[in-house]
Amino acid sequence: MDENFQERFTGIIKFTPPLYKQRYQFIKDLVGKYKPKKVADLGCADCTLLWMLKFCSCIEVLAGLDICASVMKEKMHRLAPLPGDYLQPAERSLTVTLHHGSVAHKDPCMLGFDLVTCIELIEHLEQSELKKFPEVVFGFMSPSIVVISTPNSEFNPLLPGVTLFRHPDHKFEWNRAQFQSWALETARHYDYSVEFTGVGHPPVGMEKVGFCTQIGVFVRKYPQASESAQSEKPTKAAYKTVFKAVYPSLKDKKYLQNAVVSEVIFTAQIIKQSLMDRLMSEHEEYNDDPTERKSKFQSSMNCFSEDLGKLVVEKSMEPFVNGNVVYIPLTTIFSFPKVNRLCGTFEKLSELIAGKVTLSSDGSAVMFNTEHENEEN
């Protein structure tokens, strides 16, 4: 929460990158290692960590909680989808929600998370809140992983200007022995293991003071509680939702259909245009009258499909012409990697484009009228 304290203390200690970025990078690296789908950030403040995590492709649910709604609201617009997210929906789903409330209270909206982060949070808690914190996070929420970071008070003498605490809102700052004692007892009580590390290396020769920020990574030892135990958890809401964004996703049939239809039309147009370009180049030398020219143009179109070898997989899948209409077989279009990846099966392709793309009477090919191209030639 104290992102800028290192900028206020410009004496012998200067962290590169800034300490708050090192803490956030630690979380990003952890996400990259464990690939959690649901992540909650307690004490999310201005939502910077959530904003960074929304780009992690494994995450499908992000939630933030803070006691100060105004701080969240100031920057929460960064968590909203951008126009590009609608133009090119991601394959994963993503929902981002912000809640106003205290970590000392239980709310069912925080159940079922894989990873819970508490970055520079616990030192802001009153003693009564700190006492309830383990039961809320480890007992009630019971995520697979909990990450807690907090200042290491042993480092404070190296920070010019720090007399008691690093921030006026801090209620305490623990040394390493105090933090580890609290963490080990909490882990033991709630069946977690815990490992200690940190960010913000001390200067050379002063390694004995440890990291500037100490971090505990808690991992739950046993699977999630049974259904009977889960049913005992309260259902009364304690938080107020102040923001929610649901990102467009290819898991939503509406967005998937739009993407498939666009890609099918684009692919068919490429094949058609290649055919038309070749025919136009073949007819540049002729100065016949329109009737004879049209006849020769049509004849060439009927035999041109063999030259599309780079665009199709098999000759049986080649486009063909009948009258003024070019037919692009769906099997040809389905063979293109992006279309194949979007649809998965040929049956799915047929289902998604039905009624959205002009097809032949038997539904086996996309149709394009060549009359306009004929007139230009």
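Residues numbered from 1 in each chain as written. Predicted model: local features only at pLDDT ≥ 70, side-chain atom pairs only at ≥ 80, totals over all residues. Heavy atoms only, no water.

- Taking an unreviewed UniProt entry as the reference, the protein chain is identified by name as Small RNA 2'-O-methyltransferase belonging to Alca torda.
- Looking at the protein chain in UniProt, the text filed under Sequence similarities (unreviewed entry) is "Belongs to the methyltransferase superfamily. HEN1 family."
- Under the Cofactor (unreviewed entry) heading, UniProt states for the protein chain: "Mg(2+)". (UniProt positions renumbered as here; feature names shortened; annotations may be inferred.)

## A look at the overall build of the protein chain
Part 1 of the argument: For the protein chain, the count of helices and strands is 14 helices and 11 strands.
Part 2 of the argument: A total of 377 residues make up the protein chain; the buried ones form 48% of that total.
Part 3 of the argument: A total of about 19,300 Å² of accessible surface is found on the protein chain, and carbon and sulfur atoms cover 53% of it. (Helix = DSSP H or I, 4+ residues; strand = E, 2+ residues; numbered from the N terminus. Buried < 20%, exposed > 50% of the residue type's maximum accessible area, 1.4 Å probe, protein only. Areas by Shrake-Rupley, 256 points an atom, 1.4 Å probe, with all protein chains shown as cover.)

## Description of the layout of surface pockets
Part 1 of the argument: One number sums up the size of the second largest pocket: a volume of about 290 Å³.
Part 2 of the argument: If you trace the second largest pocket, you find 14 residues lining it, with Leu-87, Gln-88, Pro-89, Ala-259 and Lys-338 closest to the centre.
Part 3 of the argument: The set of elements that each furnish at least two residues to the lining of the second largest pocket consists of helix H5 (83-87), helix H9 (253-282) and helix H12 (337-343).
Part 4 of the argument: Ranked by the residues each element gives to the lining of the second largest pocket, the list is headed by H9, at five residues.
Part 5 of the argument: In terms of residue class, the lining of the second largest pocket is built from seven nonpolar, three polar and four charged. (1 Å grid on protein atoms, 1.4 Å probe; cavity = no way out; pocket = protein on both sides within 12 Å on 5 of 7 lines; lining within 4 Å. Points joined across faces, edges and corners; volume = space filled by probe spheres on them. Nonpolar A, V, L, I, M, F, W, Y, C, P; charged D, E, K, R; others polar.)

## Remarks on the sheet that holds strand E5 (residues 145-151)
Pairing between sheet strands relies on hydrogen bonds along the backbone, with the strands arranged either parallel or antiparallel.
Part 1 of the argument: Strand order in this open sheet of eight strands is E6-E7-E5-E4-E1-E2-E3-E8, and the pairing throughout is mixed. If you trace the sheet from one side to the other, it starts and ends with strand E6 (192-199) and strand E8 (240-246), each paired once. Taking the axes of each pair of neighbouring strands and ignoring which way they run, one obtains an average angle of 15 degrees across the sheet.
Part 2 of the argument: Sheet analysis places strand E2 (residues 61-66) next to strand E3 (residues 95-100), joined by six bridges and oriented parallel. Note on E3: the bridge partner recorded for Asp-66 is His-100.
Part 3 of the argument: Those strands touched by helix H7 (residues 176-189) are E5, E6 and strand E7 (213-220), and its axis lies near 155 degrees from that of E6. (Pairing = 2+ DSSP bridges. Axes fitted to C-alpha atoms, helices over the stretch in contact; angles between N-to-C directions. Contact = heavy atoms within 4.5 Å.)

## Some points on unusual backbone geometry
Part 1 of the argument: With an omega of -5 degrees, the peptide bond running from Thr-16 to Pro-17 counts as cis.
Part 2 of the argument: Mapping Pro-17 onto the fold places it in the loop between helix H1 (5-8) and helix H2 (19-34).
Part 3 of the argument: The backbone of Ala-45 shows a phi angle near 50 degrees, a positive value even though the residue is not glycine.
Part 4 of the argument: The topology assignment puts Ala-45 in the loop between strand E1 (38-42) and helix H3 (48-53).

## Re the sheet that holds strand E11 (residues 365-369)
Part 1 of the argument: As summarised here, the arrangement of the three strands in space is E9-E10-E11, forming an open sheet in which the pairing is antiparallel. Across the chains shown, the open sheet's two edge strands, defined by having one partner strand only, are strand E9 (320-322) and E11. The mean angle between the axes of side-by-side strands here comes to 30 degrees, regardless of whether they run parallel or antiparallel.

## Examining H7
Part 1 of the argument: Its 14 residues give H7 an end-to-end C-alpha distance of 20 Å, which sits within 8% of 20 Å, the value for a rise of 1.5 Å per residue.
Part 2 of the argument: Within H7, the full set of buried residues consists of Phe-179, Trp-182, Ala-183, Thr-186 and Ala-187. Buried residues of H7, seen end-on, are gathered within an arc of 130 degrees and therefore sit on one face of the element. Structural note: H7 exposes Ala-177 and Arg-188 on the side pointing more than 90 degrees away from its buried face.
Part 3 of the argument: Taken together, the buried residues of H7 touch helix H6 (127-141), E5, E6 and E7.
Part 4 of the argument: Put simply, Asn-175 is the residue that caps the front of H7, since its side-chain oxygen is 3.1 Å from the backbone nitrogen of Ala-177.
Part 5 of the argument: Following H7 by one or two positions, Asp-191 has its phi on the positive side, about 60 degrees. (Expected span 1.5 Å × (residues − 1). Arc of directions from axis to C-beta. Polar contact = N/O pair within 3.5 Å; in protein donor to acceptor, adjacent residues only side chain to side chain.)

## Quick notes on the pattern of salt bridges
Part 1 of the argument: With the rule as written, the count across this model stands at nine salt bridges.
Part 2 of the argument: Between Lys-251 and Glu-60 there is a salt bridge whose closest N-O contact spans 3.2 Å. Of this pair, Lys-251 sits in the loop between E8 and H9 while Glu-60 sits in the loop between H3 and E2, and the two are 191 residues apart along the sequence.
Part 3 of the argument: Between Glu-351 and Lys-253 there is a salt bridge, and its shortest N-O distance comes to 3.2 Å. With Glu-351 in helix H13 (residues 346-353) and Lys-253 in helix H9, the pair connects residues that are 98 residues apart, well separated along the chain.
Part 4 of the argument: For Lys-253, a relative accessible area of 47% translates into the label partly exposed. (Salt bridge = Lys/Arg side-chain N within 4 Å of Asp/Glu carboxyl O.)

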